Amino acid sequence: FMKYILLPFLILFFTSCSKELHVKEKDYNSALNSFINSCQTKKTTDIYGNLCKKAKETNNAEEFLLNNFKFEKLNPEEEGLLTAYYEASLKGSLIKKEPYVYPIYKVPKDLITVDLDDQYKSLKGKRLRGRLKGNKLVPYYERAEVANNKLDADVICYVDSKVDLFFLEVQGSGRVLLDNGETLHVGYANQNGHPYSSIGKYLVGLGEISQEDISLQSISTWFQKNPSRVDEILNHNKSVIFFQEKNHASSGSLGIVLTPKRSIAVDTRYVKLGTMLYLKAKTDKDSFERFVMAQDTGGAIKGKVRADMFLGYGEEAMAEAGELKADLELWVMLPKEED
C-alpha cells in the first residue's frame, strides 16, 4: 500500500532533480571524443565499464551523453572555484652556460617517498617525503635550500629564467625550446614534500598587488619591476617540483595526453581520476558549460568543488589561463546502468 502512496512522490522528486540541470554543451562530439580518449585508461574503464565500448559505437554523441549517465551534483551548498593552467614554454640548453644557468632537476637520488597506507590503512593516498640524516628521516630541502645546494640529482637541461622555471612547476608540465633547435617535453615526476603556498596570495598580503588585479600576468609584471625581490617571493613557496622527460605533449596524472578545455585537475580525495563531469562556470564577464574529464591533479587543487582546466600550449593559452577565475558548479556523471 505504501509503495503506491510513495511512488508519485518519488517520481516527482527525481523529475524535479533531473530538471535542475539544463545541459548547454556546445560541442557534443568533442565531449564524446574526450570520454573515448580517457577510456584508454584502466581508471576510466573501471568507473564506466561497458559504456566505454558503447561510446565507440554510438552515432549520436548528444544522445549518448544525455541518456546513459545520471548527474550527481557535488556539494550543492559549497561555493566552487575554477581556475586554469597551460603547458609552459621555456628556453634552454643541455649545457650550463649563460644565460642558461637554472637547472630542471630529475627526482633526487636521496629523496625518499613513503606510502603511508602501506602501514596505516586510514592514511590511504597519503605520502611522506624526506631524506636520511644518519638513520633519521628528516624533511627534504625546501626551495631556498635547493637553490643554495647542489642536489644529488640528474639535470634534464638548464633554462634562462628562474621565474619561468617556477611557473613551469606551478603548471606541472611544459616544453623547453633548446638552443640546438630541439624541443624537450617535461612533466611532473615528484616533489620535495613541502606544501604548496601561493605567491599570489603572498603578494596580495604584502599589499604589492590588489586582490582584484592578481593574475599570472600581474605577477610576471611585478617580478620585472622588482628583480631584487624575486628570490624573496619565490622562496615563500617551499614546495619544489622535480621533472621527467616525456616523449609527447603535456600529459596529466592519469597518464594520457591532456585535451585543451576538456581535461581538468581535481582533488582526488573527492573525485576519482578518470571520472567524467559536467561543469558550469561563471566569471564577471562570461559563463560557459561543458563536459570535462578528471585527468590531472595539482598541489593547489583542494576541495570538492574545485577544478583547474587545461587550456593547451602557446601565448593565447597562457594569457587565458592567467586570467581565468570563475565561480564553479560540478556534476559527477555516473553510469545509469549501475547502482
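Just so it is clear, the model here is predicted, and its values are computed rather than measured.

**Description of the sheet that holds strand E6 (residues 136–138)**
Think of a sheet as strands paired side by side through backbone hydrogen bonds, with each pair either parallel or antiparallel.
For step 1, the next point in the chain: Pairing in this open sheet of three strands is antiparallel, and the strands run E4-E5-E6 from one edge to the other. This sheet does not close on itself; its edge strands, each paired only once, are strand E4 (112–115) and E6. Adjacent strand axes in the sheet meet at a mean angle of 50°, parallel and antiparallel pairs treated alike.
For step 2, the next point in the chain: Two elements, E4 and strand E5 (residues 127–133), share four bridges in a ladder whose sense is antiparallel. Bridge pairing in E5 links Val114 to Leu128.

**Observations concerning the packing of helix H2 (residues 28–38) against helix H4 (residues 50–57)**
For step 1, the next point in the chain: Packing of H2 against H4 brings their axes to within 10 Å, and their N-to-C directions diverge by 135°. In this view, H2 runs oblique relative to H4, as classed from their interaxial angle. Judged by the sense of rotation from one axis to the other, the crossing of H2 with H4 is left-handed. Residues Leu32, Phe35 and Ile36 of H2 lie in contact with H4, whose contacting residues are Leu51, Cys52, Ala55 and Lys56.
For step 2, the next point in the chain: Taken together, the residues that form the contact of H2 with H4 break down as six nonpolar, no polar and one charged.

**Quick notes on helix H7 (residues 162–171)**
Helical geometry: 3.6 residues make up each α-helical turn, so side chains three or four residues apart lie on a common side.
For step 1, the next point in the chain: Burial analysis of H7 places seven of its 10 residues in the buried class, which makes it a mostly covered element.
For step 2, the next point in the chain: Among the residues of H7, the N-terminal cap falls to Ser161, whose side-chain oxygen and the backbone nitrogen of Val163 are separated by 3.3 Å.
For step 3, the next point in the chain: Downstream of H7 by a residue or two, Gly172 has a phi angle that is positive, lying close to 95°.

**Describing unusual backbone geometry**
For step 1, the next point in the chain: At the junction of Glu98 and Pro99, the peptide bond is cis and its omega measures out at 0° in the coordinates.
For step 2, the next point in the chain: Turning to its location among the elements, Pro99 is positioned in the loop between strand E2 (80–93) and strand E3 (102–105).
For step 3, the next point in the chain: With phi around 40°, Asn75 is a residue other than glycine that occupies positive phi space.
For step 4, the next point in the chain: Take Asn75: its relative accessible area is 30%, and that puts it in the partly exposed class.
For step 5, the next point in the chain: A positive phi is found at Lys261, a non-glycine position, where the angle reads about 65°.

**Observations regarding the confidence of the model for the protein chain**
For step 1, the next point in the chain: Confidence in the prediction for the protein chain averages 89 pLDDT; 91% of positions are at 70 or higher.
For step 2, the next point in the chain: For the protein chain, the element scoring lowest by mean pLDDT is helix H1 (residues 2–19), at 39; strand E7 (residues 155–159) scores highest, at 98.
For step 3, the next point in the chain: In this model, residues 1–19 is a region of pLDDT below 50 whose contacts with residues beyond four sequence positions or in other chains number zero contacts.

**Quick word on the side chain of His194**
For step 1, the next point in the chain: Structurally, His194 is set in the loop between strand E9 (183–191) and helix H8 (199–205).
For step 2, the next point in the chain: His194 gets classed as buried once you look at its relative accessible area, which sits at 15%.
For step 3, the next point in the chain: From its side chain, His194 meets the backbone oxygen of Tyr140 in a polar contact 2.7 Å long.
For step 4, the next point in the chain: The residues contacting His194, other than those within four sequence positions of it, are Pro139, Tyr140, Tyr141, Glu142, Lys238 and Ser239.

Rules behind the numbers
- Residues numbered from 1 in each chain as written.
- Predicted model: local features only at pLDDT ≥ 70, side-chain atom pairs only at ≥ 80, totals over all residues.
- Heavy atoms only, no water.
- Pairing = 2+ DSSP bridges.
- Helix = DSSP H or I, 4+ residues; strand = E, 2+ residues; numbered from the N terminus.
- Axes fitted to C-alpha atoms, helices over the stretch in contact; angles between N-to-C directions.
- Parallel < 35°, antiparallel > 145°, perpendicular 65-115°, else oblique.
- Left-handed = near helix turned anticlockwise from the far one by under 90°.
- Contact = heavy atoms within 4.5 Å.
- Nonpolar A, V, L, I, M, F, W, Y, C, P; charged D, E, K, R; others polar.
- Buried < 20%, exposed > 50% of the residue type's maximum accessible area, 1.4 Å probe, protein only.
- Polar contact = N/O pair within 3.5 Å; in protein donor to acceptor, adjacent residues only side chain to side chain.
- pLDDT = per-residue confidence, 0-100.

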